[in-house]
Amino acid sequence: MILISLALLLLAILGAPLFAVIATSALVGFHREETDLMNMAIELLSIADLQFLSAIPLFTFAGYVLSESNAPGRLVRLTNAVLGWMPGGLALVCLATCAFFTAFTGASGVTIIALGAILYPALKQDGYDDKFNLGLVTSSGSLGLLFAPSLPLILYGVIAEVSIDHLFLAGIFPGLLMLVMLAGWSFWVNRANRKPLAEFSLREVAAAMREAAWELPLPFVVLGGIYSGFFAVSEAAAITALYVLVVEVLVQREIKWRALPDIMRQSMVLVGGILIILGVSLASTNYMISSGVPQLLFEYVQGFVSSQLTFLLLLLGFLLILGAILDIFSAIVLVVPLILPIAAGYGVDPIHLGIVFLAAMQLGYLTPPVGLNLFIASYRFEKSIMHVYAATLPFLLILLLSVVVITFWPTLSLWLVPSG
Amino acid sequence: MSLLFRRLDTFGRLAENVALVTLLSTMMLLAVGQIVLREVFDTGVIWTDELVKLIVLWLAMVGSIAAARENRHIRIDLLSHLLPPRGIAVIRIVVDLFAAAVSAVIAWHAYRYLQIEIEFEDTVLVDVPAWIAHVIIPLAFGLISYRFAVGAGRVAVGLWLGEEGRRS
């Protein structure tokens, strides 16, 4: 058994598709329990039993449509008009637009490609240091994971069976904390370059708002609808997808009908890649839960961890390592079902656990060896990986600090969440 | 031979696109239609929710087939930045054959499950035979297995031809 596990681990590290590795571990488990391997089909079919899962393909599609249109440019212009007058304002513009865009496009690296192309040259032109720009754009690319309606938040809600609305509320302050800390650091680094970008002009704000008039209602429709209880998450996702489609194809006419099948395909390739891992993970975790693995893990951990504080410390260390090797979606579907009962044993609120999980995983986008943002930025801006890594390091440390705060200060996450 | 592969490729890609466009559009319209029915007409169609969920399953599976074609399945991408191209190619053949084998096993057992569903006349969406909705699982894993096998074969051929090229 240990031999098989080691072989599977080796295959995963060698780059075997993760769904195949996880499926094999489940099949081996079924075989050992003398369960018919047909159970794999039953587990895969249970993808169709999960509540709210339709939000994932719908939001992903909406995000891809937005990133293919000129909406990123309009977003940057508007944010610039509102925030650009501050000294160091462009850095803030970068952080805010990336956070917003990542929340809407689901953290798949699209942000760096869609916004980096606009922001990176703009920062350079404005006299910011190149290394700073590279670090800022790279680390901003995953900022916003904690804001609704990001895919990882929805996926966590589906897997942990906690209210997605509550998760959306819980992410607000921790997400803002990350934003504020990075902004503060950007101001500090550029304190010598205090020249404001432009005078604040109401006329420019109005013009930018007019230009973005069609996209502006989106956050209000989505968030207002969900927070007020008017729609479920999956319904908000359907409205968003249809609305974005109508606006960008019929009203703005920035996306041609002919381009639509390919945009749908690209977005569903991402969704397929995530959901097939979800399906096989349902099988492997169900096997593990039925053979009492979480219970064993809990007893094992209890042997040397007595307080909630030490548990959280251990959890944080584990998640940081996990985030460095696994992508956020696989990590959620594989690991969350196993640590949920353990965390509950230490009295950790599942909503808080979710925020800590995602916040720690966000660092994984920036840590070697497999940090996705590092590679996308390296590819997009034609810099060596080591160069990008060095440029990102200060931002990584700041984010790490914010994750520590988020972990040990549960109130920050749970403040807005109605109790009970 | 290569012409046949190219035609299969064009046809497969088209079929995937048609399926994805149909599924995604249907899902959007169904979900929005359901909201309109509820809010405006204070009514609803009982099977919409179940149908939307089945469409998610289909989207996931067809998306996975497309991901296999474009080699976009999620992997731990560690070695591709460390090893020389030939080493990567060899490893690639091994892991893709592994993925092909596992997918084939799943396809076979899913097919067996389908037989049982047919035998017991299981239904979904009130009275539709369940196997029609569930046939996507063996189909998808069969095609994914095929894609990985073809992918591994291509890398192997490239590796072999590359060596020949260097020798001459």
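Structure: above.
None of the values given here were measured: they were computed from a predicted structure.

Within chain B one finds five helices and two strands. N-terminal to C-terminal, the α/β element order of chain B is α-α-α-β-β-α-α. The globule rule puts the C-alpha radius of gyration for 168 residues at 15 Å, and the 21 Å found for chain B is more than 25% above it. Dimensions of chain B, computed from the C-alpha atoms along their principal axes, are close to 75 × 40 × 35 Å. A buried classification covers 40% of the 168 residues belonging to chain B. Taking the contacts inside chain B whose residues are at least 6 apart along the sequence as the reference set, 72% of them involve residues at least 24 apart. When the accessible surface of chain B is summed, it comes to about 9100 Å², and 68% of that surface belongs to carbon and sulfur atoms. A distance of 16 Å separates the average location of the 15 positive side-chain charges in chain B from that of its 16 negative side-chain charges.

Residue and element names in this part refer to chain A. In this structure, Met40, Phe61, Phe311 and Phe357 are the most contacted members of the largest nonpolar core, which totals 205 residues. For this core, the element with the most residues is helix 14 (residues 260-290), which contributes 15 residues. If sequence neighbours within four positions are ignored, Phe311 has contacts with Val301, Val305, Ile342, Ala343, Tyr346 and Val348.

Residue and element names in this part refer to chain B. For the structure on display, the rule yields one cavity of 30 Å³ or more. If you trace the largest cavity, you find it lined by Phe5, Leu8, Asp9, Tyr146, Arg147, Val150 and Arg154. Of all the elements in the fold, those that place two or more residues in the lining of the largest cavity are helix 1 (2-41) and helix 5 (136-167). A per-element tally of the lining of the largest cavity places helix 5 first, with four residues. Looking at the lining of the largest cavity, its residues break down into four nonpolar, no polar and three charged.

Attention now moves to helix 11 (residues 202-211) of chain A. All names here are of chain A. Of all the residues in helix 11, the buried ones are Val205, Ala207 and Ala208. Projected down its long axis, helix 11 shows its buried positions confined to an angular sector of 165°, all on one face. Turned more than 90 degrees from where helix 11 packs its buried face, Leu202, Arg203 and Arg210 sit exposed. Along its buried surface, helix 11 packs onto helix 5 (71-83).

Together, Phe173(A), Leu176(A), Val405(A), Trp409(A), Trp415(A) and Leu416(A) make up a nonpolar patch on the protein surface, roughly 540 Å² of accessible area in all. Mapped onto the elements, Trp409(A) comes out in the loop between helix 20 (385-408) and helix 21 (410-414).

On to the packing of helix 18 (residues 350-364) of chain A against helix 20 of chain A. For any two helices packed against each other, one specifies the crossing angle of their axes together with the interaxial distance. All names here are of chain A. Where helix 18 meets helix 20, the axes come as close as 10 Å, and the angle between the chain directions of the two elements is 170°. Comparing their axes, helix 20 and helix 18 come out roughly antiparallel. Of helix 20, the residues touching helix 18 (which contributes His352, Ile355, Val356, Ala359, Ala360, Gln362 and Leu363) are Leu396, Leu399, Leu400, Val403, Ile406 and Thr407. Looking at the contact of helix 18 with helix 20 residue by residue, the class counts come to 10 nonpolar, three polar and no charged.

Right, let's talk about the interface of chain A and chain B for a bit. Taken together, the contact between chain A and chain B spans 61 residues of the former and 59 residues of the latter. Buried surface at the junction of chain A and chain B, both sides included, amounts to about 5100 Å², of which 77% is carbon and sulfur. At the junction of chain A with chain B, the criterion picks out 10 residue pairs in polar contact (both at pLDDT 80 or more). Looking at the side of chain A that touches chain B, the elements that each hand over two or more residues are helix 1 (2-14), helix 2 (18-32), helix 3 (39-45), helix 4 (55-68), helix 13 (233-251) and helix 14 of chain A. Considering only residue class, the side of chain A that touches chain B consists of 48 nonpolar, eight polar and five charged.

Residues and elements named next belong to chain A. The topology assignment puts Lys124 in helix 7 (residues 110-125). A sequence separation of 30 residues divides Lys124 from Ile154, and the C-alpha atoms of the two residues are 36 Å apart. The residues contacting Lys124, other than those within four sequence positions of it, are Asp130 and Asn133.

Our focus in this paragraph is the packing of aromatic side chains. Residues and elements named next belong to chain A. Across all of its chains, the model carries 12 aromatic pairs over all chains by this definition. Pairing Tyr120 with Phe381 gives two aromatic rings, centres 4.3 Å apart and planes at 35°, and the pair type is tilted. Taken together, the residues span a long stretch of sequence, with Tyr120 in helix 7 and Phe381 in helix 19 (residues 372-381) at a distance of 261 residues. For Phe381, a relative accessible area of 10% translates into the label buried. Ring centres of Tyr300 and Phe304 lie 5.5 Å apart, and the angle between their planes is 80°; on these two criteria the pair is classed as edge-to-face. Here Phe304 falls in the exposed class, since its relative accessible area comes to 51%. Three or more aromatic residues link up through ring pairs in this structure, and these residues are Tyr128, Phe132, Trp185 and Phe395.

The rules behind each value
Residues numbered from 1 in each chain as written. Chains lettered and ligands numbered in written order. Predicted model: local features only at pLDDT ≥ 70, side-chain atom pairs only at ≥ 80, totals over all residues. Heavy atoms only, no water. Helix = DSSP H or I, 4+ residues; strand = E, 2+ residues; numbered from the N terminus. Rg over C-alpha atoms; globule rule 2.2 N^0.38 Å. Buried < 20%, exposed > 50% of the residue type's maximum accessible area, 1.4 Å probe, protein only. Contact = heavy atoms within 4.5 Å. Areas by Shrake-Rupley, 256 points an atom, 1.4 Å probe, with all protein chains shown as cover. Lys, Arg positive; Asp, Glu negative; His and termini not counted. Charge placed at Lys NZ, Arg CZ, Asp CG, Glu CD. Core = buried A, V, L, I, M, F, W, Y, C linked by side-chain atoms within 4.5 Å. 1 Å grid on protein atoms, 1.4 Å probe; cavity = no way out; pocket = protein on both sides within 12 Å on 5 of 7 lines; lining within 4 Å. Points joined across faces, edges and corners; volume = space filled by probe spheres on them. Nonpolar A, V, L, I, M, F, W, Y, C, P; charged D, E, K, R; others polar. Arc of directions from axis to C-beta. Patch = residues over 30% accessible without salt bridge, like charges linked within 9 Å, V, L, I, M, F, W, Y side chains within 5 Å. Salt bridge = Lys/Arg side-chain N within 4 Å of Asp/Glu carboxyl O. Axes fitted to C-alpha atoms, helices over the stretch in contact; angles between N-to-C directions. Parallel < 35°, antiparallel > 145°, perpendicular 65-115°, else oblique. Buried area = accessible area lost by both parts, 1.4 Å probe. Polar contact = N/O pair within 3.5 Å; in protein donor to acceptor, adjacent residues only side chain to side chain. Phe/Tyr/Trp six-rings, centres within 6.5 Å; stacked < 30°, edge-to-face > 60°.

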